[in-house]
Amino acid sequence: MITMLDYGAGNVRSVRNAIRSIGSDVKDIESPEDILHAEKLIFPGVGNFGVVMSRLREAGYIEPLIQRIRENRPLLGICIALQTFFEGSEEAPGVQGLGIIPGMVRRFDDAALSVPQIGWNGVSVHRESGLFHGYDGEKLYFVHSFYSEITKENQPWILTTTDYGCEFISAVQRGNIAAFQFHPEKSGAAGLNLLRNFITSDKDISCGTMSLSERKKTSIVKRVIACLDVRTNDTGDLVVTKGDQYDVREEGEVRNLGKPVELAGRYYREGADEITFLNITGFRDFPMKDQPMLEVLQRTSENVFVPLTIGGGIQEFTDSEGNFYSALDVASAYFRSGADKVSIGSDAVYVAEKYLQTQEKSGKSSIEQISMVYGAQAVVISVDPKRVYVKDPQNCPRHAITTDFPGPGGEKYCWYQCTVRGGREGRDIDVIELVQSCEALGAGEILLNCIDKDGTNSGFDLELIRHVRQAVSIPVIASSGAGSADHFVEVFRQTDVEAALAAGIFHRREVSIDTVKKNMRANGIETR
Ligand code: 1PR
């Protein structure tokens, strides 16, 4: 029996599911004393350092946690939990950590890096450990903007390090106390193996028999993401659909390309690095009543151990009885159901428009609120831009680019207009204004669709992708237009995006994820 320290932040369901998939049962801490009595304790988490520390304090968990660690009783921390072991974090100046490990948690500040680090990176194992029994150098899933610094004083704790601009501590261990910066529950089979080692070992987990190779710098790899556009069809079934330039109807019927949970399972087995669900009619429904989407997430997260993103309808809402739900309430329901990130579409445009008008952060927008509680890495902005051609960029008040694909009137310039409500309504804001405003408000990643390219199989819009990539320092996912395995090589070679997403070619089995990755490797692009 494994005990979980659920203090109400982040996606705890995934950790629970991962433990169950290993064959163990999970129970929750109900009182501070349970922390002392649990046989094996897992302390999971994502989110803001200050928020996590204050939740631990309010629940009375800090003292028993410190006592448990001093008594060397089995404990595994995940992600933000590792950071709480340190003295403090630049994320929440003045807030004290548990202070078990000497040193501070710092923000990645290399201007050449996208922050947060989101994706699959390696670890260098510094010493033997039962926790890494059977580990064969696989990449593991990281998602964080802050890292634990290496100091002379904290050497005895270091189990693994990872490189992202600098070398940082990616796992610590002393006796029966361990913590990972990466998410084992989101790192596929390799991550489940690490969890299994913690759960099943009946002796000191610090003893291991692995062979240590010479330390090599680790590197983050490009991600391949499968996207499932989901909606209810005319007979009331929730289906995965796919549009041509956002038109999902064929001969009047909503295209039905499969069942969401089954398809997500298939893509996980084929090696997808992440899975995204977009509830494409979410802007007009109220997702908290949209139980099918919550259920899709719950069921998917039982068997899929890579990150799950959900989008559609993340906005505030007042129901017919006058009850108000903030965007944070809606997002929280999704996180509780197994989502690791939420993606905001229409509401991000409205929020950015307001921000551009006032140049002030209200602290109340969906982006700010969700980012504050769950961390920037949990907030993806899904952008639905389309091209607007112009003859004269000097007389265009928008960010215009020169294009190699002239418009219908021979125009050599274009800008990208943002849309809302699934591309139905164009707004008076361009893609650069949108992504820069969202980054300033606390978004952690851009999912960059392109209405002109969506469903065309003609390749990604490289001009749009370069335009956006150079405008922000958060990771960008290229989306729309993938028609072959070579298109992934093209987008990764010719732009600096961190990830590429496709839908149609995977659903129609034209190209498998495995083929995409083999082709990337054959062309010298590292992948998981
Ligand atoms: O506005 O916050 O409720 O979010 C709605 C979400 O639903 C947005 O993320 C928006 O992009 C998405 N959406 C709305 N309508 C459609 C539609 O297709 N009619 N889908 C839609 C957008 C774009 C992709 C697609 C890629 C790759 N789909 O995610 O999967 O373009 O496709 P491809 O590889 O086949 O070319 P809100």
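All of these numbers come straight from a predicted model, not from anything done at the bench.

Caption draft 1: Fine view of the packing of helix 14 (residues 485–494) against helix 16 (residues 513–522). Between helix 14 and helix 16, the least distance of the axes is 8 Å, while the angle of their chain directions is 50°. Here helix 14 lies oblique to helix 16, going by the angle between them. Between helix 14 and helix 16 lies a crossing whose hand is right-handed. Of the residues in helix 16, those in contact with Ala 485, Asp 486, Phe 488, Val 489 and Phe 492 of helix 14 are Thr 515, Val 516, Asn 519 and Met 520.

Caption draft 2: Here's a closer look at unusual backbone geometry. Cis peptide bonds are those with omega within 30 degrees of zero, and the linkage from Val 115 to Pro 116 qualifies with 5°. One can find Pro 116 in the loop between strand 6 (104–107) and strand 7 (117–121). Within the chain, Cys 79 stands out as a residue other than glycine whose phi angle is a positive 60°. Overall, the relative accessible area of 5% leaves Cys 79 in the buried class. Phi is positive for Arg 509, close to 55°, though the residue is something other than glycine.

Caption draft 3: Representation of the site of the ligand within the structure. Not every one of the 24 residues close to the ligand is listed here, only the nearest: Lys 242, Ser 346, Ser 382, Asp 384 and Asp 454. In the model, an oxygen atom of the ligand is placed 2.9 Å from a nitrogen or oxygen of the Gly 345 main chain. Within the complex, 99% of the 770 Å² of free accessible area of the ligand lies under protein. Counting atoms within 2 Å of the grid points, the majority share of the ligand lands in the largest pocket. Put simply, the parts of the chain that give the shell around the ligand at least two residues each are strand 14 (223–232) and strand 30 (499–502). Residues of the shell around the ligand, tallied by class, amount to 8 nonpolar, 12 polar and 4 charged.

Caption draft 4: Looking closely at the pattern of salt bridges. For the coordinates displayed, the defined rule picks out 27 salt bridges. Residues Glu 433 and Arg 398 are paired through a salt bridge, measuring 3.0 Å at the closest nitrogen-oxygen approach. Of this pair, Glu 433 sits in helix 12 (residues 431–441) while Arg 398 sits in the loop between strand 24 (385–390) and strand 25 (401–402), and the two are 35 residues apart along the sequence. Note on Glu 433: relative accessible area 17%, which makes it buried. Taking the relative accessible area as the measure of exposure, Arg 398 reaches 16% and is therefore buried. Overlapping salt bridges, with partners in common, bring together Arg 223, Glu 274, Lys 341 and Glu 445 in one network.

Caption draft 5: Spatial organisation of the side chain of Gln 315. Looking at the secondary structure, you find Gln 315 in the loop between strand 19 (308–311) and strand 20 (317–318). In this structure Gln 315 comes out as buried when scored by relative accessible area, which is 15%. Ignoring sequence-local partners within four residues, the contact set of Gln 315 consists of Phe 283, Ser 326, Ala 327, Val 330 and Asp 347.

Caption draft 6: Just the packing of aromatic side chains, in detail. Going through the model one piece at a time under the given rule, you end up with 16 aromatic pairs. Relative to Phe 168, the ring of Phe 142 has its centre 6.1 Å away and its plane inclined at 90°; by these criteria the two rings are edge-to-face. One end of the pair, Phe 142, is in strand 9 (residues 140–144); the other, Phe 168, is in strand 12 (residues 166–174), with 26 residues separating them in the sequence. Pair check on accessibility: Phe 142 and Phe 168 agree, each one buried.

Caption draft 7: Seen up close, the layout of surface pockets. Here the largest pocket is characterised by a volume of approximately 680 Å³. For the largest pocket, the lining is made up of 44 residues, of which Asp 229, Tyr 246, Leu 278, Ile 280 and Asp 384 are closest to its centre. Listing elements by their share of the lining of the largest pocket, those giving two or more residues are strand 14, strand 18 (274–279), strand 22 (341–344), helix 10 (346–358), strand 30 and helix 15 (504–507). It is strand 14 that provides the largest number of residues to the lining of the largest pocket, a total of 3 residues.

Caption draft 8: Broad picture of the domain arrangement of the chain. Examined at the domain level, the chain breaks down into domain 1 (2–214) and domain 2 (223–522). Taking only C-alpha atoms into account, the centre of domain 1 sits 30 Å from that of domain 2. Contact residues are listed per partner, giving 28 residues for domain 1 and 31 residues for domain 2. Each partner contributes to the roughly 2100 Å² buried at the junction of domain 1 and domain 2, and carbon and sulfur atoms together form 56% of this total. Its largest share of buried area at the contact with domain 2, domain 1 owes to Arg 13, Ile 118 and Lys 186, together 25% of the area lost on that side.

Caption draft 9: Layout of helix 1 (residues 12–21). Across the 10 residues of helix 1, 7 count as buried, placing the element largely inside the fold. Of the residues making up helix 1, those classed as buried are Val 12, Ser 14, Val 15, Arg 16, Asn 17, Ala 18 and Ile 19. Tucked inside the fold, the buried residues of helix 1 contact strand 1 (2–4), strand 2 (26–28), strand 3 (40–43), strand 4 (75–78), helix 6 (188–200) and helix 8 (291–303). Note on helix 1: the residue one or two positions beyond its end, Gly 23, has a positive phi of about 100°.

Caption draft 10: View of the pairing of strand 30. Alternating positions in strand 30 separate into two faces, Ala 499 and Leu 501 on one and Ala 500 and Ala 502 on the other, with burial throughout. Judged from the 3 bridges that link them, strand 29 (residues 476–479) and strand 30 form a sheet pairing that is parallel. Pairing of Ile 477 across the sheet is with Ala 499, part of strand 30. In this fold, the crossover linking strand 29 to strand 30 by way of helix 14 has right-handed handedness.

Caption draft 11: Summary view of the packing of helix 7 (residues 260–269) against helix 8. Running from N to C, helix 7 and helix 8 cross one another at 30°; their axes reach a closest spacing of 9 Å. Relative to helix 8, helix 7 is oriented roughly parallel. Helix 8 is crossed by helix 7, and the crossing has right-handed handedness. On the side of helix 7, the interface is formed by Pro 260, Val 261, Ala 264 and Tyr 268, while helix 8 contributes Val 296, Arg 299, Thr 300 and Asn 303. Residue classes in the contact of helix 7 with helix 8 are distributed as 5 nonpolar, 2 polar and 1 charged.

Conventions used here
- Residues numbered from 1 in each chain as written.
- Predicted model: local features only at pLDDT ≥ 70, side-chain atom pairs only at ≥ 80, totals over all residues.
- Heavy atoms only, no water.
- Axes fitted to C-alpha atoms, helices over the stretch in contact; angles between N-to-C directions.
- Helix = DSSP H or I, 4+ residues; strand = E, 2+ residues; numbered from the N terminus.
- Parallel < 35°, antiparallel > 145°, perpendicular 65-115°, else oblique.
- Left-handed = near helix turned anticlockwise from the far one by under 90°.
- Contact = heavy atoms within 4.5 Å.
- Buried < 20%, exposed > 50% of the residue type's maximum accessible area, 1.4 Å probe, protein only.
- Near = heavy atom within 4 Å.
- Polar contact = N/O pair within 3.5 Å; in protein donor to acceptor, adjacent residues only side chain to side chain.
- Areas by Shrake-Rupley, 256 points an atom, 1.4 Å probe, with all protein chains shown as cover.
- 1 Å grid on protein atoms, 1.4 Å probe; cavity = no way out; pocket = protein on both sides within 12 Å on 5 of 7 lines; lining within 4 Å.
- Sits in = over half its atoms within 2 Å of the grid points.
- Nonpolar A, V, L, I, M, F, W, Y, C, P; charged D, E, K, R; others polar.
- Salt bridge = Lys/Arg side-chain N within 4 Å of Asp/Glu carboxyl O.
- Phe/Tyr/Trp six-rings, centres within 6.5 Å; stacked < 30°, edge-to-face > 60°.
- Points joined across faces, edges and corners; volume = space filled by probe spheres on them.
- Domains from an automatic or database assignment.
- Buried area = accessible area lost by both parts, 1.4 Å probe.
- Pairing = 2+ DSSP bridges.
- Right-handed = clockwise from strand over helix to strand, strands pointing away.

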